[in-house]
Amino acid sequence: MNSSEKALQGSSRFRYIKLCIFFSGLSVFAQLYLFQPMLPMVAEQFGVSVGDTSLLVSSSTIGMALGLLFFAFKADSYSRKSLMVFSLISSAILTIISTWIPSLSLLIAIGVLKGFVVSGVSAVALAYLTEEVDALAVPAAISMYLSGNTIGGMSGRIMATLFAGEFGWRNAVLLIGIESFILGAVFWKLFPESKFFNSQKTDYHLKVKQMKFFLTNPYMLRLYCTAALLMGVFVSVYNYLTFRLEAKPFSLSHFIIAFIFLMYIFGVFGTMIVGRLSRRFPMNNILKASILTMIIGAALLLSENIYILIFGLGLFTLSFFAAHTMASQMTALYAKRGKSSATSIYWLFYYFGSSILGSGTGYLLHAYSWNVFIGVLMISVITALLLTTINTNPKAGIKN
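Attention here is on the structure that accompanies the text.

Conventions and cut-offs
- Residues numbered from 1 in each chain as written.
- Predicted model: local features only at pLDDT ≥ 70, side-chain atom pairs only at ≥ 80, totals over all residues.
- Heavy atoms only, no water.
- Helix = DSSP H or I, 4+ residues; strand = E, 2+ residues; numbered from the N terminus.
- Contact = heavy atoms within 4.5 Å.
- Areas by Shrake-Rupley, 256 points an atom, 1.4 Å probe, with all protein chains shown as cover.
- Lys, Arg positive; Asp, Glu negative; His and termini not counted.
- Charge placed at Lys NZ, Arg CZ, Asp CG, Glu CD.
- Phe/Tyr/Trp six-rings, centres within 6.5 Å; stacked < 30°, edge-to-face > 60°.
- Buried < 20%, exposed > 50% of the residue type's maximum accessible area, 1.4 Å probe, protein only.
- Salt bridge = Lys/Arg side-chain N within 4 Å of Asp/Glu carboxyl O.
- Patch = residues over 30% accessible without salt bridge, like charges linked within 9 Å, V, L, I, M, F, W, Y side chains within 5 Å.
- 1 Å grid on protein atoms, 1.4 Å probe; cavity = no way out; pocket = protein on both sides within 12 Å on 5 of 7 lines; lining within 4 Å.
- Points joined across faces, edges and corners; volume = space filled by probe spheres on them.
- Expected span 1.5 Å × (residues − 1).

**Topic: the overall build of the protein**
No. 1: Helix and strand counts for the protein come out as 15 helices and 0 strands.
No. 2: Considering only C-alpha atoms, the protein reaches an extent of 65 × 50 × 40 Å along its principal axes.
No. 3: Pairs at least 24 residues apart make up 84% of the contacts formed inside the protein by residues separated by at least 6 positions.
No. 4: Here the protein displays about 16900 Å² of accessible surface, and carbon together with sulfur accounts for 68% of that area.
No. 5: Each charge sign in the protein was given a centre, from 28 positive and 13 negative side chains, and these centres are 12 Å apart.

**A few points about the packing of aromatic side chains**
Centre distance and the angle of the planes are the two values used to describe a pair of aromatic rings.
No. 1: Across all of its chains, the model carries 32 aromatic pairs by this definition.
No. 2: Seen in terms of ring centroids, Phe266 and Phe269 are 6.0 Å apart; in terms of plane orientation they differ by 85°. Their pairing is edge-to-face. Here Phe266 and its partner Phe269 are both found in helix H11 (residues 265–277), 3 residues apart, which amounts to about one turn of the helix.
No. 3: What links up through ring pairs into an aromatic cluster is the set Phe234, Tyr238, Phe261, Tyr264, Phe316, Phe320 and Phe321.

**Things to note about the environment of Ala172**
No. 1: Inspection of the secondary structure assignment puts Ala172 in helix H7 (residues 169–190).
No. 2: For Ala172, a relative accessible area of 0% translates into the label buried.
No. 3: C-alpha of Ala172 to C-alpha of Ser303: the two residues are 131 residues apart in sequence and 31 Å apart in space.
No. 4: Beyond its immediate stretch of four places on either side in the chain, Ala172 contacts Met38, Ala160, Phe163 and Ala164.

**Describing the pattern of salt bridges**
No. 1: Tallied over the entire structure, the rule returns 2 salt bridges.
No. 2: Across the pair Glu132 and Arg13 runs a salt bridge whose closest N-O atoms are separated by 3.0 Å. On the criterion of sequence distance, the pair formed by Glu132 in helix H5 (residues 104–132) and Arg13 in helix H1 (residues 12–32) is long-range, its members being 119 residues apart.
No. 3: On the basis of relative accessibility, which here comes to 0%, the residue Glu132 falls in the buried class.
No. 4: Overall, Arg13 belongs to the buried group, its relative accessible area being 15%.

**Considerations on a nonpolar patch on the surface**
No. 1: Among the surface-exposed residues, Phe255, Ile256, Phe259, Leu262, Ile265, Phe266, Phe269, Met272 and Ile273 lie close enough to one another that they form a single nonpolar patch of about 790 Å² accessible area.
No. 2: Where the nonpolar patch is concerned, the elements lending two or more residues are helix H10 (254–258) and H11.
No. 3: Ranked by residues supplied to the nonpolar patch, first place goes to H11 with 5 residues.
No. 4: For Phe259, a relative accessible area of 36% corresponds to the partly exposed category.

**Side note on empty space enclosed by the protein**
No. 1: Scanning the model with the defined rule gives 1 cavity of 30 Å³ or more in all.
No. 2: In this structure, the largest cavity encloses a volume near 30 Å³.
No. 3: Every residue along the wall of the largest cavity is listed here: Ala227, Leu230, Met231, Phe320, Ala323, His324, Ala327, Tyr346 and Tyr350.
No. 4: Of all the secondary-structure elements, those providing two or more residues to the lining of the largest cavity are helix H9 (218–246), helix H13 (306–334) and helix H14 (339–367).

**Observations concerning helix H4 (residues 80–98)**
No. 1: Look at H4: 27 Å from first C-alpha to last across 19 residues, which is about the 27 Å you get at 1.5 Å a residue.
No. 2: Most of H4 sits inside the fold, with 15 of its 19 residues counted as buried.

Here you go:
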């Protein structure tokens, strides 16, 4: 089979691929962060601290990190479609089961398992697109997938907040689980089977050698740590912002708070802006500028004026997505060989940063105040800026 048989832009096969890959992103990220806006309700019901309930979000991202590490070795052993269908259907079932779980510790355990299985989609989605779609149409397909990720994360949070406010948090979880199951079933029915993929045995020795190279390479290690810090800070803000907005001086309702998550739209703008700037300026300079504006956005979150806070949140969100886009691209471009190993480690650090900082800062907020919480987050972002500043461009053509 030659490359001319790949899905062409405008063909029915391409339309099905684009639609279903969008649905997969919607499902994955709606489920991954669905508890984030409902943490105050869960904390009240179980009578636990802010940090304890944040483990509901961190458990899924820990599971995601572990799953991506596993699939870095095993993804090429399974059918692309079968793995993605299994991930979407099984994660939806776990979300539905979560509705009736009586204890917080069991909910956290299910979160780890759900994050692990749902990582199967992220592990192979981009590989499927580059294998099955015509080269000229790949950017459009990847853009649709990333849009699904962003809109899924945003819509999941908005739906969870609205449903929880009206029907309670357990019913909100049930409704999102049912929606995700339906998306998974549609994906199963419509997503085209792979034509260009053949399963293969994993060369464990080569994988370990590649990963060891990247983990001991100063340039890559600083990029990985930057990703961990930035994602941890980003998740921390969105984990606990609901607590801040429900309290004085804002005292906002669930309905109003739900639409705060529309700020995710700025993430799409951030990705688009740096995509254009990267053609004119060095990537590391764009990364530093993005982190600097992220610090400014975080500082504005200290304000007790709701309009300044919302502006700061928009700037913070745009800057994070811009920085994440640059850091992930720099990771992929540096790896002349072993790109899958390099990017797997990137996602591992990314989600572990989300898990560790995302929960750790919750205990900090519970013990101290919002101002101390934001101050620690700003120190974390400044640390990322310092790492980026000393991370000079490596010599071209480095191989592992």
